[in-house]
Amino acid sequence: RFLHIRQAMNNYHIDFAIIIDDDEAFGKHYIERLYSERRPKVYRSWWGRVFNGGKYFEGDPPPQALNMGKRIDIKQFDYAGPGGCIIDTGIFSMKATYMIPLKFIQLDDLWISYVVAMSGWRALRTLVRPIFIKDAKSESVALWTNLKNEKDEFLNYLRAGGWKV
């Protein structure tokens, strides 16, 4: 997905990209509301984690709070999920964005949060949420269900690389 954005940037002037997942639907004004929250050097998502030194899936806020738009006190994330996000496309001009270790290539979501943080950018929360489609098909192909151990391994790898989360 990041290569597609960079390719589009080669052909069009794009300052911000909105990334969506195939298990998300959107209300009538979703794109407009999310776009109004764009900011330079910011990666803004409704889904994310603050790790507090813990494991990936033990981060805060819990998934239920994110799905319901609760814990509005959490305004900044260590990790921001790309599905339903808006991001300054300057990140896709950085070589580091494409230097993900091959072993972790499927974890580009975690990598982009690392690159954002290490570049001095911010990962912020939005309360503009998509509608989550939960069905047997979307659950069966969801990468996160098969990559739980790898997420923790990669998080520890990134911490060893200087990410203080």
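Description of the structure in this document. Nothing here was measured: the structure is a model prediction, and the numbers come from that model. (Residues numbered from 1 in each chain as written. Predicted model: local features only at pLDDT ≥ 70, side-chain atom pairs only at ≥ 80, totals over all residues. Heavy atoms only, no water.)

1. Remarks on the environment of I87
Here's step 1: By secondary structure assignment, the location of I87 is in strand 6 (residues 85-88).
Here's step 2: It is 14 Å that separates the C-alpha atoms of I87 and Q76, two residues lying 11 residues apart in sequence.
Here's step 3: In this structure, I87 is in contact with D15, F16, A17, I19, V42, Y43, F92, I112 and V116, ignoring residues within four places of it in sequence. (Helix = DSSP H or I, 4+ residues; strand = E, 2+ residues; numbered from the N terminus. Contact = heavy atoms within 4.5 Å.)

2. Comments concerning the sheet that holds strand 6
Here's step 1: On the basis of which strands lie adjacent, the open sheet formed by 4 strands has the order 1-6-3-7 and mixed pairing. Of all strands in the sheet, those with a lone pairing partner are strand 1 (16-19) and strand 7 (122-125), marking the two edges. Within the sheet, the average angular offset between the axes of one strand and its neighbour, ignoring direction, is 20°.
Here's step 2: As paired strands, strand 3 (residues 42-45) and strand 7 are joined by 4 bridges and run parallel to one another. Across the sheet, the residue bridging to Y43 is A123, located in strand 7.
Here's step 3: Relative to strand 3, helix 4 (residues 108-118) is tilted by about 140°, and along the sheet it contacts strand 3, strand 6 and strand 7. (Pairing = 2+ DSSP bridges. Axes fitted to C-alpha atoms, helices over the stretch in contact; angles between N-to-C directions.)

3. So, the environment of T126
Here's step 1: The residue T126 is located in the loop between strand 7 and strand 8 (131-132) in this model.
Here's step 2: Residues contacting T126, with those up to four places away along its chain left out, are L34, E37, R44, S45 and W46.
Here's step 3: Polar side-chain contacts of T126 include one of 2.7 Å to the side chain of E37. (Polar contact = N/O pair within 3.5 Å; in protein donor to acceptor, adjacent residues only side chain to side chain.)

4. A look at the nonpolar core
Here's step 1: Core analysis: the biggest nonpolar cluster contains 36 residues, and I87 and L110 have the highest contact counts within it.
Here's step 2: Elements with a contribution of two residues or more to this core: helix 1 (2-11), strand 1, strand 5 (79-80), strand 6, helix 4 and helix 6 (148-160).
Here's step 3: The element best represented in this core is helix 4, accounting for 6 residues.
Here's step 4: Residue contacts for L110: discarding those within four places in its chain leaves F51, Y56, Y79, K151, F154, L155, L158 and W163. (Core = buried A, V, L, I, M, F, W, Y, C linked by side-chain atoms within 4.5 Å. Buried < 20%, exposed > 50% of the residue type's maximum accessible area, 1.4 Å probe, protein only.)

5. Points about the pattern of salt bridges
Here's step 1: Evaluated as defined, the whole model comprises 5 salt bridges.
Here's step 2: Where K103 meets E153, a salt bridge forms, and the shortest distance between an N and an O atom there is 2.5 Å. On the criterion of sequence distance, the pair formed by K103 in the loop between strand 6 and helix 4 and E153 in helix 6 is long-range, its members being 50 residues apart.
Here's step 3: The exposure class assigned to E153 is partly exposed, which follows from its relative accessible area of 35%.
Here's step 4: When salt bridges with common partners are traced through the structure, they connect D60, R71 and D73 into a single cluster. (Salt bridge = Lys/Arg side-chain N within 4 Å of Asp/Glu carboxyl O.)

6. Topic: the packing of helix 4 against helix 6
Here's step 1: Axis separation between helix 4 and helix 6 bottoms out at 10 Å; the angle between their running directions is 20°. By the angle class used here, helix 4 and helix 6 are roughly parallel. For the crossing formed where helix 4 meets helix 6, the hand is right-handed. Contact with helix 4, carried on its side by D109, L110, W111 and Y114, involves K151, F154, L155 and L158 of helix 6 and no other residues of that element.
Here's step 2: When grouped by side-chain class, the residues that make up the contact of helix 4 with helix 6 number 6 nonpolar, no polar and 2 charged. (Parallel < 35°, antiparallel > 145°, perpendicular 65-115°, else oblique. Left-handed = near helix turned anticlockwise from the far one by under 90°. Nonpolar A, V, L, I, M, F, W, Y, C, P; charged D, E, K, R; others polar.)

7. Examining the pairing of strand 3
Here's step 1: Residues of strand 3 alternate between two faces, with V42 and R44 on one and Y43 and S45 on the opposite face, all of them buried.
Here's step 2: As judged from the 3 bridges shared by strand 3 and strand 6, these two strands associate in the antiparallel manner. Note that in strand 6 the partner of S45 across the bridge is C85.

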